[in-house]
Amino acid sequence: MTAATITTVATTPFADQKPGTSGLRKKVPHFRQPHYVENFVQSIFDALDGFAGADLVIGGDGRFFNRETIQTAMKMAAANGFGRAIVGRGGILSTPAASNLIRVRGAFGGIILSASHNPGGPDGDFGIKYNASNGGPAPEKTTDAIFARTKSISDYRILDAPDVDLDAVGETRLGDMVVEVVDPVAEYQALMEKLFDFPRIRVLFAGGFRMTFDAMSAVTGPYATAILEGALGAAPGTVINGTPLPDFGGHHPDPNLVHAKFIYDLAMGPDAPDLCAASDGDGDRNLIIGRGIFVTPSDSLAALAANAHLAPGYAAGLKGIARSMPTSAAADRVAEAKGLKAYETPTGWKFFGNLLDAGLATICGEESAGTGSDHVREKDGLWAVLLWLDILSARKQSVLDIMRDHWRTYGRNYYARHDYEEVAAEGANALMAGLRGQLSTLPGRSFGALTVKSADDFSYHDPVDGSDSAHQGVRVLFEDGSRIVYRLSGTGTAGATLRVYIERYEGDRLDLETGEALKDLIALSRELAGIERHTGRTEPSVIT
Ligand code: G6P
Ligand code: ZN
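In this text, all values refer to a predicted model and were calculated from it rather than measured experimentally. (Residues numbered from 1 in each chain as written. Chains lettered and ligands numbered in written order. Predicted model: local features only at pLDDT ≥ 70, side-chain atom pairs only at ≥ 80, totals over all residues.)

**Thoughts on the overall build of the protein chain**
Inference 1: The secondary structure content of the protein chain amounts to 18 helices and 27 strands.
Inference 2: If you line up the protein chain on its principal axes, its C-alpha atoms span 75 × 55 × 40 Å.
Inference 3: Buried positions account for 54% of the 544 residues belonging to the protein chain.
Inference 4: Taking as baseline every contact in the protein chain between residues at least 6 positions apart, the subset at least 24 positions apart corresponds to 73%. (Helix = DSSP H or I, 4+ residues; strand = E, 2+ residues; numbered from the N terminus. Buried ≥ 20, exposed ≤ 12 C-beta atoms within 10 Å, placed from the backbone. Contact = placed C-beta atoms within 7 Å.)

**Let's talk about the domain arrangement of the protein chain**
How large an interface is tends to be reported as the accessible area lost when its parts come together.
Inference 1: By the assigned domains, the protein chain splits into domain 1 (5-184), domain 2 (188-410) and domain 3 (412-543).
Inference 2: Using only C-alpha atoms to locate each centre, domain 2 and domain 3 end up separated by 26 Å.
Inference 3: Taken together, the contact pairs 18 residues of domain 2 with 19 residues of domain 3.
Inference 4: Elements supplying a minimum of two residues to the side of domain 2 that touches domain 3: helix H12 (350-357) and helix H14 (399-410).
Inference 5: With three residues, H12 is the single largest residue contributor to the side of domain 2 that touches domain 3.
Inference 6: Residues of the side of domain 2 that touches domain 3, tallied by class, amount to ten nonpolar, six polar and two charged. (Domains from an automatic or database assignment. Nonpolar A, V, L, I, M, F, W, Y, C, P; charged D, E, K, R; others polar.)

**A word on the site of ligand 1**
Inference 1: Of all residues adjacent to ligand 1, which total 13 residues, the nearest are Trp349, Ser368, Ser489, Gly490 and Thr491.
Inference 2: Residues of the shell around ligand 1, tallied by class, amount to one nonpolar, ten polar and two charged. (Near = placed C-beta within 6 Å.)

**Brief notes about helix H10 (residues 297-307)**
Inference 1: Counting buried positions over the eleven residues of H10 gives eleven, a clear majority of the element.
Inference 2: Of the positions making up H10, those classed as buried are Pro297, Ser298, Asp299, Ser300, Leu301, Ala302, Ala303, Leu304, Ala305, Ala306 and Asn307.

**A look at the UniProt feature "domain: Alpha-D-phosphohexomutase alpha/beta/alpha" (unreviewed entry) in the protein chain**
Inference 1: Per the UniProt entry, the sites bearing "domain: Alpha-D-phosphohexomutase alpha/beta/alpha" (unreviewed entry) are residues 17-156, 195-289 and 298-410 in this numbering.
Inference 2: Across residues 195-289, the secondary structure splits into 32% helix and 16% strand, with the terminal C-alpha atoms separated by 22 Å.
Inference 3: Between the end C-alpha atoms of residues 298-410 the distance is 13 Å, and the span holds 48% helix and 16% strand. (UniProt positions renumbered as here; feature names shortened; annotations may be inferred.)

**Digging into the sheet that holds strand E16 (residues 341-345)**
Inference 1: Strand order in the open sheet formed by four strands is E16-E15-E17-E18, with mixed pairing between adjacent strands. Each edge of the sheet is formed by a strand with only one pairing partner; in this case those strands are E16 and strand E18 (370-373). For this sheet, the mean angle separating the axes of adjacent strands, direction not counted, is 15°.
Inference 2: Bridge count for strand E17 (residues 363-366) against E18 is four bridges, and the pairing is antiparallel. (Pairing = 2+ DSSP bridges. Axes fitted to C-alpha atoms, helices over the stretch in contact; angles between N-to-C directions.)

**What about the nonpolar core?**
Within soluble globular proteins, side chains that are nonpolar tend to cluster in buried spots.
Inference 1: Within the largest apolar cluster, 127 residues are counted, with the highest numbers of intra-cluster contacts made by Met74, Ala85, Ala305, Ile321 and Leu387.
Inference 2: Take this core: its biggest share by element is ten residues, from helix H13 (residues 381-395).
Inference 3: Each of domain 1 (5-184) and domain 2 (188-410) accounts for three or more of the residues forming this core.
Inference 4: The contacts of alanine 305, once residues within four sequence positions are left out, are Leu318, Ile321, Ala331, Val334 and Ile363.
Inference 5: By size, the runner-up hydrophobic cluster in this structure holds 31 residues, among which are Tyr420, Val423, Phe458 and Tyr486. (Core = buried A, V, L, I, M, F, W, Y, C linked by C-beta atoms within 7 Å.)

**Topic: the packing of helix H2 (residues 36-47) against helix H5 (residues 140-150)**
Inference 1: Between H2 and H5, the least distance of the axes is 8 Å, while the angle of their chain directions is 125°. When the interaxial angle is binned, H2 and H5 end up oblique. Of the two possible hands of crossing, H2 and H5 adopt the one that is right-handed. Packed against H2, whose contacting residues are Asn39, Phe40, Ser43, Ile44, Asp46 and Ala47, the element H5 presents Thr142, Ala145, Ile146, Arg149 and Thr150 at the interface.
Inference 2: Each residue belonging to the contact of H2 with H5 can be placed in one class, and the counts come to five nonpolar, four polar and two charged. (Parallel < 35°, antiparallel > 145°, perpendicular 65-115°, else oblique. Left-handed = near helix turned anticlockwise from the far one by under 90°.)

**Digging into the packing of helix H7 (residues 198-206) against H13**
Inference 1: Remark: H7 packs on H13, axes separated minimally by 9 Å, with the N-to-C direction vectors making an angle of 70°. The pairing of H7 with H13 is recorded here as roughly perpendicular in orientation. Mapping the contact onto sequence places Arg200, Ile201, Val203 and Leu204 in H7 and Leu389, Asp390, Leu392, Ser393 and Ala394 in H13.
Inference 2: Residue composition of the contact of H7 with H13, grouped by class: six nonpolar, one polar and two charged.

**Some details on unusual backbone geometry**
Inference 1: Even without being a glycine, phenylalanine 65 presents a positive backbone phi close to 90°.
Inference 2: Its place among the elements puts phenylalanine 65 in the loop between strand E3 (55-60) and helix H3 (66-79).
Inference 3: Judged by the 23 C-beta atoms lying within 10 Å of it, phenylalanine 65 falls in the buried class.
Inference 4: With phi around 50°, lysine 396 is a residue other than glycine that occupies positive phi space.

Right, dumping it as structure tokens:
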């Protein structure tokens, strides 16, 4: 063991270290300011209690500044009295794999370094997030305590020691703390093998099933390659962009129809594979496109919930289904048909944590391409892909046939999200205020064939801890079950982003083109909110 000294370094607070929905996110140059990382990491430790000698999981999505920050975090964990740091080889851990590792190792918590689907590189985004012992993002009372500490911090503790080799699996020491570098994939793969029928999926691939998985040069590359091409026998080349790069190859690792257009075009082309899929920077989001059919995240949640019992891990059935409010109600119809409780939460994965911990829900999903279950406490991109594969192998039908069958059974929720990105915050706030001002006068009003049934600003009462969250988005609900929802993004980094979620339910007309099915509602969404008047925009920047 090398003798190592603990240094206490004097510092002054930064005013802007308030963790957001998913930890502290800033541009890399911002994080590289002297003491910036150290102040935040020390504030995390200062906000926690009782970790002396305990285990801490550390890893990230491999983006630029990942390795440096891991070295800093390890040296600070050692100086603050943790007993063991469990670190992914190469500094790699996908967000769901980190969540799993915290749980299976009974760790005190974990530090995950990622800015999810935001671009990386020296001028890209970076992030630090703390997850608690259940494997999920720290609850608000912890993030509030961390933020409070960042405002009063005066020094931090760090071990004066050489860097640890992150590329060799095995144990070393940093002062009194053990550093254990682990294969980032192994525990995660073991969990997937428990949940899904790997031999059956192997038969599917052996029978010529073709798939393309775009890892977007981000963290899922090693996971997808080991599991799809390795354990499941998918053809070599199934995984594309499979090596995590610090700048994600200059791409925006967000698996939507804009940034994963390649996959979309492939799936719609003449030689389309049976399944195309992609995941984001840190591996928690997913995109599912069958041959000739894009499955919206809302529909994917509903189809997975309807068929999950075909996978061994969910053979006993589901306890309940949860979705975020702006996510379409397609999953509610599955819950109703199966006699399950459906939960509607505000946007943000953290709201599912309590439902999962309390055993009230098994499967959850969001329109923002996140789907997951009680197997971890984060959403899980590759899990969603594997559950689709398991269902495809059990039903021996195409994605298109499964979705058509789903709509015949439950009806179809036509759905689109219109994003107006980087609009001036003032206009966006005025637009929301204008909508809130109309809430009491909207019910009963008719617009063409559409009559407003009710309108509100969504609020959520958590059935587990009794907490209330208000002002979670304006909902305009129509007599025929259609819906327009407005909210401002909580994750943007420039200006404000207005999200408009448009949904219409059809029991019989199942083959309409989505834009056509939603035409009247789209026009009304602009008129009701005065989108052009408030933002100067006549068209959204992105439609997903
Ligand atoms: C993050 C969270 C998701 C959430 C999304 C909303 O990705 O992990 O749970 O759905 O942000 O983003 P928005 O930009 O709509 O606030
Ligand atoms: Zn993500």
